[in-house]
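Listed below, chain by chain, are the residues.
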Amino acid sequence: MKTLMITKPMAPPWDDSAKNMARDIVFAVPGRKFHLLSIPHHRIGAENAREEPFYFDVQSGYSPGLLMKMRIFARIIRPDEIDLVHLFFQPNPLTLRMSRYALAIKGHTKCMHTLTCAPGNFEKSAP
């Protein structure tokens, strides 16, 4: 069983609750295989993790641009043995639609969405 963790780059600085939680899950569940989105030449050192050089650098700010969102969409639909996509980001209408569409294309993959801080409301995350 393999989980794809969709987070900000899994690389220092460790100042973001979403990527910190994802990293902690990887180390806490050694029997599960994880695919992490990272930057080139960086490894967190978990034997159960395959770190993909996905991001160009450690981005500042909270929301990825449209190009990065499209790359994430393409990564989710890539044919592979991922059985769970675990999303770690605050929902907004565009990313939720893209995620739902990507998972519908993939078909067999399940999805889990973890919010690492409470949103102001849940209206935009409604199906």
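Placed above this text is the structure.
Conventions we followed
- Residues numbered from 1 in each chain as written.
- Predicted model: local features only at pLDDT ≥ 70, side-chain atom pairs only at ≥ 80, totals over all residues.
- Heavy atoms only, no water.
- Patch = residues over 30% accessible without salt bridge, like charges linked within 9 Å, V, L, I, M, F, W, Y side chains within 5 Å.
- Areas by Shrake-Rupley, 256 points an atom, 1.4 Å probe, with all protein chains shown as cover.
- Salt bridge = Lys/Arg side-chain N within 4 Å of Asp/Glu carboxyl O.
- Helix = DSSP H or I, 4+ residues; strand = E, 2+ residues; numbered from the N terminus.
- Pairing = 2+ DSSP bridges.
- Axes fitted to C-alpha atoms, helices over the stretch in contact; angles between N-to-C directions.
- Buried < 20%, exposed > 50% of the residue type's maximum accessible area, 1.4 Å probe, protein only.

(A) Inspection of a nonpolar patch on the surface at higher detail. Side chains of Leu 66, Met 70 and Leu 94 sit close together on the surface and give an oily, nonpolar patch of about 280 Å² of accessible area. For Leu 66, the position within the fold is in helix α2 (residues 66-77).

(B) Geometry of the sheet that holds strand β3 (residues 49-53). One open sheet accounts for five strands, arranged β3-β2-β1-β4-β5; its pairing is parallel. Of all strands in the sheet, those bounded by a partner on one side alone are β3 and β5 (110-113). Each strand of the sheet is rotated relative to its neighbour by a mean of 20 degrees, with strand direction disregarded. Inspection of the sheet shows strand β1 (residues 2-6) paired to strand β4 (residues 84-87) by four bridges, in the parallel sense. Residue pairing across strands places Ile 6 opposite Leu 87, the latter belonging to β4.

(C) Geometry of the environment of Met 70. Following the sequence through the fold, Met 70 ends up in helix α2. In this structure Met 70 comes out as partly exposed when scored by relative accessible area, which is 49%. Residues Met 70 and Thr 95, 25 residues apart in the sequence, show an inter-C-alpha distance of 9.5 Å.

(D) Here's a closer look at the environment of Met 5. For Met 5, the position within the fold is in strand β1. Judged by its relative accessible area of 1%, Met 5 is buried. Sequence separation of Met 5 and Ile 76 is 71 residues, and the distance between their C-alpha atoms is 10.0 Å.

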